[in-house]
Amino acid sequence: MKTETLALPGATPGVSIGLTVLRFGQSGARPKIYVQAGLHADESPGHLAAQSLRRRLEALEAEGRIAGEVVLVPVANPIGLSQRVNGVFHGRFDMADGGNFNRHFPNLTEATAAAIAGRLGRDEAANAELVRSALKAALADVPARTPTEGLKKHLLAEAVDADVVLDIHCDSEAVMHLYTLTPQAEAFAPLSALLGARAMLLATESGDDPFDEAVSRPWFELRRRFPDAPIPLGGLSTTLELRGQADVTEAYADADAAAIVDFLVLRGAVSGPAPAIPDAACRPTPLAGSQALEAPCPGIIVFHREAGDVVSTGDVVATLVDPVSGARTPVPARTDGVLYARCGTRFAHAGKRLGKIAGDTPIRTGKLLSP
Ligand SMILES: [Zn+2]
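These numbers were taken from a predicted model, which means no experiment stands behind them. (Residues numbered from 1 in each chain as written. Predicted model: local features only at pLDDT ≥ 70, side-chain atom pairs only at ≥ 80, totals over all residues. Heavy atoms only, no water.)

Peer 1: What is the right way to read the pairing of strand 9 (residues 177-181) from this model?
Peer 2: Sheet faces and side chains relate simply in a regular strand, where the side chains alternate between the two faces. Of all the five residues making up strand 9, five are buried; the element is thus mostly covered by neighbouring parts of the structure. Where strand 9 and strand 11 (residues 236-244) come together, four bridges link them in antiparallel fashion. Residue pairing in the sheet places Leu178 in a bridge with Leu240 of strand 11. Of the strand pairs in this sheet, strand 9 and strand 10 (residues 199-203) are connected by five bridges, and their pairing is parallel. Across the sheet, residue Thr180 finds its bridge partner in strand 10, namely Leu202. Crossover strand 9 to strand 10 through helix 6 (residues 185-195) is right-handed. (Buried < 20%, exposed > 50% of the residue type's maximum accessible area, 1.4 Å probe, protein only. Helix = DSSP H or I, 4+ residues; strand = E, 2+ residues; numbered from the N terminus. Pairing = 2+ DSSP bridges. Right-handed = clockwise from strand over helix to strand, strands pointing away.)

Structure below.
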């Protein structure tokens, strides 16, 4: 394992922040796997799973079993990890400007398309290499003045030429679930099954350029733009939600890391016998079919259903209780599906998202992710 610390731009003189990158196997070997944990910094389940994964990768490397290259960033957001206000940890939004740390990554499609136009041939592998080089060159031109811009650029630079990218997050209170591009569902089905995921949310564009789509969507879009040239669906990328923020146990971390290693064996990055893949605990559903259960009024949140429960349209998932009048407002499901996530607090201002239900039928358009 090689450890490298990348310096982020300083916000003020005398302040420096480093991003630690762990490298396994041979630089340039294929497949290249990129894994990062905690892009929203208050996501300890992924941080702990990354440590279990690191131990496993060190042991595999000692046995000579890293066939490709594996890059692990165990703390993907050292900026967010340092953010506290009056003792309360805030990891989702950048306190410098309010931006969500997992939005507005550079969209490299246009610059890459311009660079490869007229240079694609009949050889798919050669085209893939051309796309990777163009993606890296396009990213090199993106300015990075602030610590967060520098962080995003470093993270994407490590991932943009990878064959497989795992971006490990968690939700507030949740069961295991993942997000990926619709055409990548088949590629990640084994990982979903190995992790025991209860929901797999699919979209071709979620909105606002999250990290996983900054890696995967250029390949998807370049294939559409150059239909006559063979371009693989490279940059396979998924956002893994390792349950809820408080679901931090060694048992979960070890099981999740073991599942990831099994997936790396399936992808050929780690040598060894193919693992048995359990039956899937869910089937993919459209992200546009995920109901965001919203509070129609303020109130104390009293949940009637647990994360992971299967609910039907009309089931009352929560009741909002007005703490002054005592008025009670039921909040029903508007779709059938798995209640895969709930909010972590128990008071709602009007409009608050209380939970998410993975339904089969598209019911939303536009930006599909939580703010
Ligand atoms: Zn997150």
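There's more to say after this.
Peer 1: Explain the packing of helix 4 (residues 124-140) against helix 7 (residues 211-225) to me, please; I cannot follow it from the model alone.
Peer 2: Packed helices, taken two at a time, are described by the angle between their axes plus the distance between the axes. It is at 12 Å that the axes of helix 4 and helix 7 come closest, and there the two elements cross at 125°. Put simply, helix 4 runs oblique to helix 7. Relative to helix 7, the crossing made by helix 4 is right-handed. Note on element contacts: helix 7 touches helix 4 through Pro218, Trp219 and Leu222, opposite Ala128, Val131, Arg132 and Leu135. (Axes fitted to C-alpha atoms, helices over the stretch in contact; angles between N-to-C directions. Parallel < 35°, antiparallel > 145°, perpendicular 65-115°, else oblique. Left-handed = near helix turned anticlockwise from the far one by under 90°. Contact = heavy atoms within 4.5 Å.)

Peer 1: Looking at this structure, how should I read the domain arrangement of the protein chain?
Peer 2: Size of an interface: often given as the accessible area lost when the parts come together. Assigned domains within the protein chain: domain 1 (2-283) and domain 2 (286-358). A C-alpha centroid distance of 30 Å is found between domain 1 and domain 2. Across the contact, 13 residues belong to domain 1 and 15 residues belong to domain 2. For the pair domain 1 and domain 2, the summed buried area comes to about 1,100 Å², and 56% of that belongs to carbon and sulfur atoms. Three residues stand out in domain 1 for area buried against domain 2, namely Glu173, Arg198 and Leu201, and they jointly supply 47% of the buried area on that side. (Domains from an automatic or database assignment. Buried area = accessible area lost by both parts, 1.4 Å probe.)

Peer 1: Sorry, what's going on with the environment of Arg55 here?
Peer 2: Locating Arg55 in the fold gives a position in helix 1 (residues 44-62). Accessibility expressed as a relative area gives 46% for Arg55, which makes it partly exposed. Here the alpha-carbon distance between Arg55 and Gly99, two residues 44 residues apart in the chain, equals 33 Å. Setting aside anything within four residues of it in sequence, one finds Arg55 in contact with Glu250 and Asp254.

Peer 1: It is not clear to me how the nonpolar core should be interpreted in this structure. Could you clarify?
Peer 2: What tends to happen in soluble globular proteins is that the nonpolar side chains get buried as a cluster. Grouped together as the largest cluster of nonpolar side chains are 41 residues, with contacts concentrated most on Leu53, Leu57, Leu166, Phe188, Leu191, Leu240 and Leu264. In terms of residue count, helix 8 (residues 250-266) provides more of this core than any other element does, eight residues in total. If you look at the next biggest cluster of nonpolar residues, it comprises 37 residues, including Tyr34, Ala76, Val160 and Val215. (Core = buried A, V, L, I, M, F, W, Y, C linked by side-chain atoms within 4.5 Å.)

Peer 1: Would you take a moment to explain the coordination of the zinc ion for this structure?
Peer 2: Around a metal, the perfect tetrahedron of four donors has angles of 109.5 degrees, and the perfect octahedron of six donors has angles of 90 or 180 degrees. For the zinc ion, the protein coordination sphere consists of His40 (ND1), Glu43 (OE) and His169 (ND1), at 2.0 to 2.1 Å. Among the residues examined, Glu43 registers a relative accessible area of 3% and is labelled buried. You can call His169 buried: its relative accessible area is 1%. (Donors = N, O, S within 2.8 Å, 3.2 Å for Na, K, Ca; no water.)

Peer 1: Just checking my understanding: could you explain the layout of surface pockets for this structure?
Peer 2: Rolled over the atoms, a probe as big as a water molecule pinpoints where empty space is left. Put simply, the largest pocket is a space of about 1,000 Å³. Of all elements in the fold, only strand 7 (164-171), strand 9, strand 10, helix 7, strand 11, strand 13 (290-294), strand 18 (337-342) and strand 20 (353-358) reach the threshold of two or more residues within the lining of the largest pocket. A total of four residues in the lining of the largest pocket trace back to one element, the largest contributor, which is strand 20. When its residues are assigned to classes, the lining of the largest pocket shows 17 nonpolar, 16 polar and 13 charged. By volume, the second largest pocket is sized at about 370 Å³. Examining the composition of the lining of the second largest pocket, we find that four residues originate from one element, helix 5 (residues 147-159), more than from any other. Here the lining of the second largest pocket is built from residues that sort into ten nonpolar, nine polar and five charged. (1 Å grid on protein atoms, 1.4 Å probe; cavity = no way out; pocket = protein on both sides within 12 Å on 5 of 7 lines; lining within 4 Å. Points joined across faces, edges and corners; volume = space filled by probe spheres on them. Nonpolar A, V, L, I, M, F, W, Y, C, P; charged D, E, K, R; others polar.)

Peer 1: Looking at this structure, how should I read the sheet that holds strand 12 (residues 285-286)?
Peer 2: Two strands in a sheet stick together by hydrogen bonds in their backbones, pointing the same way (parallel) or opposite ways (antiparallel). An order of 1-2-4-3-7-11-9-10-12 is seen for the nine strands of this open sheet, with the pairing classed as mixed. On the outer flanks of this sheet lie strand 1 (2-8) and strand 12, each paired with one strand and no other. Against the sheet, helix 5 contacts strand 1, strand 2 (17-25), strand 3 (32-37), strand 4 (69-73) and strand 7, and its axis sits at roughly 145° relative to strand 1. With respect to the sheet, helix 8 is in contact with strand 3, strand 4, strand 7 and strand 11, its orientation differing from that of strand 7 by roughly 160°.

Peer 1: Please clarify how empty space enclosed by the protein should be interpreted in this entry.
Peer 2: Taken as a whole, this structure holds one cavity of 30 Å³ or more when the rule is applied. Its volume calculated, the largest cavity comes out at about 40 Å³. Taken together, Pro45, Leu48, Arg243, Asp247, Val248, Thr249, Tyr252, Ala253 and Asp256 make up the lining of the largest cavity. Those elements that provide at least two residues to the lining of the largest cavity are helix 1 and helix 8. For the lining of the largest cavity, the element with the most residues is helix 8, which contributes three residues. For the lining of the largest cavity, the class distribution of residues is five nonpolar, one polar and three charged.

Peer 1: Explain the pairing of strand 20 here, please?
Peer 2: Of all six residues in strand 20, five are buried; the element is thus mostly enclosed. The pairing of strand 18 with strand 20 spans four bridges and is classified as antiparallel. Within strand 20, the residue paired with Arg342 across the bridge is Gly355.

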